[in-house]
Amino acid sequence: MQWHAQFAWLGDAVAADVLIEADGERITSLTPGVPAPPHAQHLPGLTLPGLANAHSHAFHRALRSRVQENRGTFWTWREQMYKVADRLDPDSYRALARAVFAEMALAGISCVGEFHYLHHRPGGAPYDAPNAMGEALIAAASDAGIRITLLDTCYLTGGIGQPLKGPQLRFGDGTAGNWARRVDSLYEQTDKAGRLHARVGAAIHSVRAVPREQVRAVASWAKEHRAPLHVHLSEQPAENTACLDAYGVTPARLLAEAGALGPLTTAVHATHLTDDDIGLLGATTTGVCMCPTTERDLADGIGPARGLCDAGAPICLGSDQHAAIDLFEEARAVELDERLRTRVRGHWTAGELLAAATSNGHYALGWPEAGRLEPGAYCDLVTVALDSVRTAGAGAAHAAEAAVFAATAADVRYVVVSGRQIVHDARHLLVDDVPAALSAAIESATREEPG
């Protein structure tokens, strides 16, 4: 297969007239400055590596717009989220996730990290197939044509020292040992089935949801399997206060003492950190996933992204609860939020932010062979229009800046995942009508039962 990109971002600069050749899933050669061969597909605009959405809760997409009508906090939003969580079954979850992942593909996302904790039936009883909900997510990603890292989440308590209750009962496995046995089955089944689009990782929901004495077991599972480990960290000041009161240390310090930090770990949000916490994450090269649209939507705060990066913690991006699915917005928000915090411009280059959205995110999800335009990498291509009302006038010299600081998901025109075209001229080729699919799935997930 051959594609000819008008412009392509090659990791350190934008090149013109780039011929991209692939054999199956992998890029075999890239040649800048050459005319298009007769049979190559033309990609007008700026071609990037596939984007990696490193933090997603697919079912939260059903809350978009519905949670905007009243005042509140993260905690009031969470109660509405629980109502949706209690309604889904494997079939409705697959339908919703399929539509959400198709929306991601239209936004240029070729790989998603699904932070999955909706494991069991309402009330907490296991399904006949204990991983039915996780399997639904893996199938949904295949339906939509993207890759997935299923970050199977250990979620044992409703708060430090508090039992699970109500909708939370679906999330729990009782102990970290029970969680590990269930995830072993999913891991082995995914491997044996040869699902080339899916990998299984681990997640600690938070120090609120996994007791200190069980954190190490989850971290050990991830290390044993060389799998990604993700964790919500210091998203809310209340989490820090509860952790200090119960254990006498911050959440980051607790994770460090339990062996849960390191280069295969990604801390999500990391909004309310001490200087010592920042040093811990940086010294262990623990990644950090920033989710600015969620952090703004839930009034969580602005995390110290630049300080974390400078300390040695790589930054990646996620759309989390999907107030918007647009990694260009997430990327520029990292810079713009820092400007608001410091009242100084220019903390991040366009190249740094594109790396956060591509190579860094894929590494965080356990796909280090993706997220770059180079021979041997997965052939994931995302082409952004440079002639829309948002990007027109940028020119080749500022194409990367146009993508980061002006483009939106609506400017994505072509998407190729593992050498297979998924989006052509802004139309998804596998899901005929993505808005209709979203509407139907969300209606099913939010419909109130009579009586």
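An unreviewed UniProt entry lists the protein under the name Formimidoylglutamate deiminase, from Actinomadura napierensis.

Visitor: What exactly am I supposed to notice about the overall build of the protein here?
Guide: Scanning the protein for helices and strands turns up 15 helices and 16 strands. By the compact-globule yardstick of 22 Å for 451 residues, the protein fits well, its C-alpha radius of gyration being 21 Å. When the backbone C-alpha atoms are referred to their principal axes, the protein occupies close to 65 × 45 × 45 Å. A buried classification covers 58% of the 451 residues belonging to the protein. A total accessible area of about 17,000 Å² is found for the protein, and carbon and sulfur atoms account for 51% of it. Placing the 38 positive and 53 negative side-chain charges of the protein at their respective mean positions leaves the two points 3 Å apart.

Visitor: In this structure, what is going on with the side chain of Arg 182? I would like to understand it.
Guide: As for its placement among the helices and strands, Arg 182 is situated in helix 4 (residues 176–192). According to the relative accessible area criterion, Arg 182 is buried, its value standing at 7%. Here the side chain of Arg 182 touches Asn 131 through a polar contact of 2.9 Å, side chain to side chain. Here Asp 173 takes part through its side chain, which lies 3.0 Å from a polar atom of the side chain of Arg 182.

Visitor: Sorry, what's going on with the nonpolar core here?
Guide: As a rule of thumb, nonpolar side chains are buried together in soluble globular proteins. Counting residues in hydrophobic clusters, the biggest one holds 139 residues, and the most contacted among them are Phe 59 and Phe 101. The dominant element in this core, judged by the number of residues it contributes, is helix 2 (residues 90–106), at nine residues. Once residues within four sequence positions are removed from consideration, Phe 59 is found in contact with Met 81, Val 84, Ala 85, Leu 88, Tyr 93, Leu 96, Tyr 117 and Leu 118. Ala 5, Leu 30, Leu 373 and Tyr 414 belong to the second largest nonpolar core, which has 15 residues in total.

Visitor: Is there a simple way to explain the sheet that holds strand 4 (residues 41–49) in this structure?
Guide: What links the strands of a sheet is backbone hydrogen bonding, and the strands pair in either a parallel or an antiparallel sense. What the eight strands build is an open sheet, ordered 3-2-1-4-13-14-15-16; its pairing is mixed. Each having just a single partner strand, strand 3 (26–31) and strand 16 (427–428) make up the two edges of the open sheet. Bridge count between strand 15 (residues 420–424) and strand 16: two bridges; the pairing is antiparallel. Across the sheet, His 424 pairs through a bridge with Arg 427, a residue of strand 16.

Visitor: Can you help me understand the UniProt feature "domain: Amidohydrolase-related" (unreviewed entry) in the protein in this one?
Guide: Here, UniProt's "domain: Amidohydrolase-related" (unreviewed entry) annotation points to residues 48–421. Within the segment residues 48–421, helix and strand shares are 40% and 16% respectively, and the terminal C-alpha atoms sit 14 Å apart.

Visitor: Help me understand the sheet that holds strand 10 (residues 265–269), please; the structure alone is not making it clear to me.
Guide: On the basis of which strands lie adjacent, the open sheet formed by eight strands has the order 5-6-7-8-9-10-11-12 and parallel pairing. Where the open sheet ends on each side, the last strands, each with one partner, are strand 5 (51–56) and strand 12 (315–317). Put simply, the sheet's adjacent strands are angled 25° from each other on average, direction ignored. Strand contacts of helix 3 (residues 132–144): strand 6 (109–116), strand 7 (147–154) and strand 8 (198–204), with the helix running at about 160° to strand 7, the strand carrying the most contacts.

Visitor: Explain the packing of helix 2 against helix 3 to me, please; I cannot follow it from the model alone.
Guide: Helix-helix packing: each pair is described by the crossing angle between the helix axes and the interaxial distance. Relative orientation of the contacting elements helix 2 and helix 3 amounts to 35°, with a least axis distance of 8 Å. In the packing of helix 2 onto helix 3, the handedness of the crossing is right-handed. Residues Pro 90, Tyr 93, Arg 94, Ala 97, Arg 98, Phe 101, Ala 102 and Ala 105 of helix 2 form the contact with helix 3, whose own contacting residues are Ala 132, Met 133, Ala 136, Leu 137, Ala 139, Ala 140, Ala 141, Asp 143 and Ala 144. Partitioned by chemical class, the residues of the contact of helix 2 with helix 3 number 14 nonpolar, no polar and three charged.

Visitor: Sorry, what's going on with the packing of helix 2 against helix 15 (residues 434–446) here?
Guide: Orientation of helix 2 relative to helix 15, taken along the N-to-C sense of each, is 145°, at an axis distance of 9 Å. Helix-helix and strand crossings are classified by hand; for helix 2 and helix 15 the assignment is left-handed. Facing Ser 92, Ala 95, Leu 96, Arg 98, Ala 99, Val 100, Ala 102, Glu 103 and Leu 106 of helix 2, the residues of helix 15 in contact are Val 434, Ala 437, Leu 438, Ala 441, Ile 442, Ser 444 and Ala 445. Its residues assigned to classes, the contact of helix 2 with helix 15 shows twelve nonpolar, two polar and two charged.

Visitor: Hey, could you run me through helix 5 (residues 212–225) in this one?
Guide: Because the α-helix completes a turn every 3.6 residues, residues three or four places apart line up on one side. Three or more residues of helix 5 are buried, namely Gln 214, Val 215, Val 218, Ala 219, Trp 221, Ala 222 and His 225. Take helix 5 and look down its axis: the buried residues cluster within an arc of 150°, on one side only. Along helix 5, the residues that are exposed and aim more than 90 degrees away from the buried face are Glu 213, Lys 223 and Glu 224. Looking one or two residues beyond helix 5, the residue adopting positive phi is Arg 226, at roughly 50°.

Visitor: Please explain the packing of aromatic side chains as it appears in this structure.
Guide: The geometry of an aromatic ring pair comes down to the distance between the two centres and the angle between the two planes. Summed over all chains, the structure comprises nine aromatic pairs. Geometrically, the ring pair formed by Phe 59 and Tyr 117 is edge-to-face, given 6.1 Å between the ring centres and 85° between the ring planes. One end of the pair, Phe 59, is in the loop between strand 5 and helix 1 (74–85); the other, Tyr 117, is in the loop between strand 6 and helix 3, with 58 residues separating them in the sequence. Since its relative accessible area comes to 3%, Phe 59 is described here as buried. For Tyr 117, a relative accessible area of 3% gives the class buried. For the pair Tyr 187 and Trp 221, a centre-to-centre distance of 5.7 Å together with 90° between the ring planes defines the contact as edge-to-face. Within this pair, whereas Tyr 187 is found in helix 4, its partner Trp 221 is found in helix 5, the two being separated by 34 residues in sequence. Classification of Tyr 187 by relative accessible area gives partly exposed; the value is 27%.

Visitor: Before we go on, may I ask you to explain unusual backbone geometry in this structure?
Guide: Where the residue is not glycine, phi is negative for most of them; where a peptide bond is considered, it is trans in most cases. With a phi close to 60°, Arg 343 is a non-glycine residue in the positive phi region. Take Arg 343: it is sitting in the loop between helix 11 (327–342) and helix 12 (350–357). On the accessibility criterion, Arg 343 (78% relative accessible area) is exposed. Backbone geometry places Ala 426, a non-glycine residue, at a positive phi of 70°. Mapped onto the elements, Ala 426 comes out in the loop between strand 15 and strand 16. By relative accessible area, Ala 426 is classed as partly exposed at 37%.

Definitions and limits used
Residue indices begin from 1 for each chain and proceed along its sequence in written order. Where local features are concerned, this predicted model is filtered to residues with pLDDT of at least 70; where side-chain atom pairs are given and counted, the filter is 80 or more; whole-chain, interface and lining totals use all residues. Excluded from the side-chain calculations are hydrogens and water; all other atoms, namely the structure's heavy atoms, are used. The helix count covers DSSP runs of H or I at least four residues long, the strand count covers runs of E at least two residues long, and both are numbered beginning at the N terminus. Note on method: radius of gyration uses C-alpha positions; expected globular size equals 2.2 Å times residues raised to 0.38. For every residue, the accessible area (1.4 Å probe, protein chains only) is compared with the maximum for its type, and the residue is labelled buried under 20%, exposed over 50%, or partly exposed between those bounds. Each accessible area is a Shrake-Rupley result for a 1.4 Å probe, and residues are judged covered by the shown protein chains and nothing else. The positive count covers Lys and Arg only, the negative count covers Asp and Glu only, and His and the chain ends enter neither. Working definition for charges: the position is that of NZ of Lys, CZ of Arg, CG of Asp or CD of Glu. We define a polar contact as two N or O atoms separated by no more than 3.5 Å, with the added condition that, inside protein, one atom must be a possible hydrogen donor and the other a possible acceptor, whereas residues neighbouring each other in sequence contribute only through side-chain atom pairs. Here the nonpolar core consists of buried residues drawn from Ala, Val, Leu, Ile, Met, Phe, Trp, Tyr and Cys, with membership extended through side-chain atoms lying within 4.5 Å. Throughout, a contact is declared for two residues whenever any of their heavy atoms are within 4.5 Å. Only strands joined by at least two bridges in the DSSP assignment are considered to pair. UniProt positions are given in the numbering used here, feature names are shortened, and annotations may be inferred rather than shown by experiment. As a rule, the C-alpha atoms of each element are fitted with a line to give its axis, helices using only the stretch in contact, and angles between N-to-C directions run from 0 to 180 degrees. Definitions for this section: a left-handed crossing has its near helix turned counterclockwise from the far helix by less than a right angle. A right-handed crossing has that turn clockwise. Three categories are distinguished: nonpolar for Ala, Val, Leu, Ile, Met, Phe, Trp, Tyr, Cys and Pro, charged for Asp, Glu, Lys and Arg, and polar for the others, with Gly belonging to the last. The arc in question is the one traced by the directions running from the helix axis out to the C-beta atoms. Ring pairs are drawn from Phe, Tyr and Trp, using the six-membered ring of Trp, whenever the two centres fall within 6.5 Å, and their geometry is named by plane angle: stacked under 30 degrees, edge-to-face over 60, tilted for the rest.

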